[in-house]
Amino acid sequence: MTATLVAQGVAGGYAHRTLFEDLDLTVAPGDVVGVVGVNGAGKSTLLRILAGELAPQEGTIHLAPRDAFVGWLPQEHERIAGETVAAYVARRTGCAQATAEMDAAAAALGETDPVAPGAPDPADVYSVALDRWLASGAADLEDRLPAVLAELGLGATTSGAADGEPSVGVSEGSLMTSLSGGQAARVGLAALLLSRFDIVLLDEPTNDLDLEGLERLESFVQGLRGGVVLVSHDREFLARCVTRVLELDLAQNSNRVFGGGYDAYLEERAIVRQHKRDDYEEFASKKADLVSRARTQREWSSQGVRNAMKKNPDNDKIRRAASTESSEKQAQKVRQMESRIRRLEEVEEPRKEWQLEFTIGAAPRSSAVVATLNEAVAVQGDFTLGPVSLQLNAGERVGITGPNGAGKSTLLRLLLGRQEPDTGSAALGSSVSIGEIDQARSLFAGMDPLAEAFESLVPELTAAEVRTLLAKFGLKADHVNRPCGELSPGERTRAGLALLQARGVNVLVLDEPTNHLDLPAIEQLEQALESYEGALLLVTHDRRMLGTVRLDRRWHVEAGSVSEL
């Protein structure tokens, strides 16, 4: 089925705060709309409204046909205790709900009690539910699931483990709560590949996917016949997939749809912003000139009256009349100038966007050799990394790539002295000060308030200094008193970046740092890395970041071995 979704005059937000308003968007078959904006601009809120999960504050959402199948896949892979992979996929694809509705309709159809007056015919209800069930793909989901899991490296006899974790097979009966982040991401991708939605709404679908998973996701999105609305921080994914860009501009309280792909959007946005700035500066300059001229005319008029009072005696009526006439002419010029000022079309000054601006704190230089591995082997269950022989020197910048489950996190733990090799040796240099943003953002994952958790990590800072620093990273009063575990992934990431600025480091470890960061923050992180002079270990699947950040070496980890590219 082909479907079209139309949003007209939509406003959205939470509580009494409106994040966006007067939003118009049409999503037709074949459209891939990328939604961009800073964290907190309302991107996820918009997807929930389009999905019918949240009512708009204003405006309407129309779906044609009305029974089109809209699929919304939230940002985080929510894991319910006791839920299996098969049940999770059925829920994410909408098959579970379609099955429940059909079962309920079938039960009602079998009832012998007469139908209540005005109630729909059970046969009609069952027919609609059956059509929905068939359209969802529930009829053969159980048969299709094993093949897709196997294609994604999640078969029961395949590892698929997250980096450095014991090898565990994944089957339809595996519990979602037992899976690693990488495995959960691939199961989420499997659900997407198995879905048969008419319109797909995706919130950060690239998080935790490796390069192979990203390529599968791109092929899927590019091959869809229906419309897609997606939120993503992955610039390369956006550049390859989207046909239009919807920008939610929180600073200007505006929204705008840009035609063309992501790179065309960047160019057009820069031009639009420059035009707005030029228009304001032209208006401000013209207004300032008119105000200055009006002030001069007023001064001349006042001076003329004072001079007339001094020079003209009271009985010289002719001179007094001439001076009065001159003063009135000056006053008339003043009034004309003020009228021109009022007639000027007001141009509002573009508000400056809040930007995450930070530097990475520097520690005294470490020893020349930061870390070495000599024929190091790490064994965890069925998973083995090594033997690996590597050396990281002071100031070296290394990019680390590889599929999920290859052993990247194990490699980091060996290098940083957090895991002893089972055979071989590992050594950490002297005067090494490590700063890290790990993939799980585990430093800020407990239930302590953010301010308290941060203060415990930098005891040399006062409570006021901590709050001031966090505010610079967009974490203000409503954030610092909340438990860390209740913060969004993006907010925890910004707290981790604030910690890097507060501490001095000479070895920086970034494990998927772009996950959950908005695009401006990613660009700011890249700028901060440019001026950072210590050693860097950057683990990322962000292809644009790999091309932007200056790197000296590239290590590729796959199937438990490490090679240098």
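Residues numbered from 1 in each chain as written. Predicted model: local features only at pLDDT ≥ 70, side-chain atom pairs only at ≥ 80, totals over all residues. Heavy atoms only, no water.

Under an unreviewed UniProt entry, the protein has the name Heme ABC transporter ATP-binding protein and belongs to Leucobacter komagatae.

(A) Local environment of the overall build of the protein. Within the protein, the regular secondary structure consists of 17 helices and 18 strands. Compactness check: the protein gives a C-alpha radius of gyration of 31 Å against a globular reference of 24 Å for 565 residues, more than 25% above the reference. Once the C-alpha set of the protein is aligned to its principal axes, its extents read approximately 115 × 85 × 40 Å. Here the protein holds 565 residues, and 46% of them are scored as buried. Pairs at least 24 apart in sequence give 71% of the contacts found in the protein among residues at least 6 apart. For the protein, the exposed surface amounts to about 26900 Å²; the carbon and sulfur share of it is 49%. Of the charged side chains in the protein, 58 are positive and 82 negative; the average position of the first set lies 14 Å away from that of the second. (Helix = DSSP H or I, 4+ residues; strand = E, 2+ residues; numbered from the N terminus. Rg over C-alpha atoms; globule rule 2.2 N^0.38 Å. Buried < 20%, exposed > 50% of the residue type's maximum accessible area, 1.4 Å probe, protein only. Contact = heavy atoms within 4.5 Å. Areas by Shrake-Rupley, 256 points an atom, 1.4 Å probe, with all protein chains shown as cover. Lys, Arg positive; Asp, Glu negative; His and termini not counted. Charge placed at Lys NZ, Arg CZ, Asp CG, Glu CD.)

(B) Quick look at the packing of aromatic side chains. Per the counting criterion, the structure on display carries four aromatic pairs. Taking the centre distance of 6.0 Å and the plane angle of 15 degrees together, the rings of Phe 444 and Phe 454 count as stacked. Here the residue Phe 444 occupies a position in the loop between strand 14 (434–437) and helix 12 (450–457), and Phe 454 occupies one in helix 12, the gap between them amounting to ten residues. When sorted by exposure, Phe 444 lands in the same class as Phe 454, which is buried. Each member of the aromatic cluster is reached from another via a ring pair, and the members are Phe 258, Tyr 262 and Tyr 265. (Phe/Tyr/Trp six-rings, centres within 6.5 Å; stacked < 30°, edge-to-face > 60°.)

(C) Local environment of helix 1 (residues 43–51). If you check which residues of helix 1 are buried, you get Lys 43, Thr 45, Leu 46, Leu 47, Ile 49 and Leu 50. Looking one or two places after helix 1, you find Gly 52, whose phi comes out positive at around 85 degrees.

(D) Molecular detail of the environment of Met 337. Checked against the element boundaries, Met 337 lands in helix 10 (residues 317–343). Owing to a relative accessible area of 7%, Met 337 belongs among the buried residues under this scheme. In the structure, Met 337 is positioned 47 residues away from Leu 290 in sequence and 6.5 Å away in space, judged by C-alpha atoms. Apart from the residues within four sequence positions on either side, Met 337 is in contact with Leu 290, Arg 293 and Ala 294.

(E) Focus on the environment of Leu 214. Along the polypeptide, Leu 214 turns up in helix 7 (residues 211–223). Through-space distance from the C-alpha of Leu 214 to that of Val 170 is 20 Å; in sequence the pair is 44 residues apart. What Leu 214 contacts, discounting residues up to four positions off in sequence, is Thr 206, Leu 209, Asp 234, His 541 and Arg 543.

(F) Expanded view of unusual backbone geometry. Of note, the amide linkage connecting Ala 64 to Pro 65 takes the cis form, showing an omega dihedral of -5 degrees. With respect to the helices and strands, the residue Pro 65 is situated in the loop between strand 4 (58–64) and strand 5 (70–73). Despite not being glycine, Asp 22 shows a phi value in the positive range, around 55 degrees. A positive phi is found at Asn 253, a non-glycine position, where the angle reads about 55 degrees.

(G) The arrangement of the side chain of Glu 236 in detail. Checked against the element boundaries, Glu 236 lands in helix 8 (residues 235–241). Residues in contact with Glu 236, not counting those within four places in the same chain, are Arg 543 and Arg 544.

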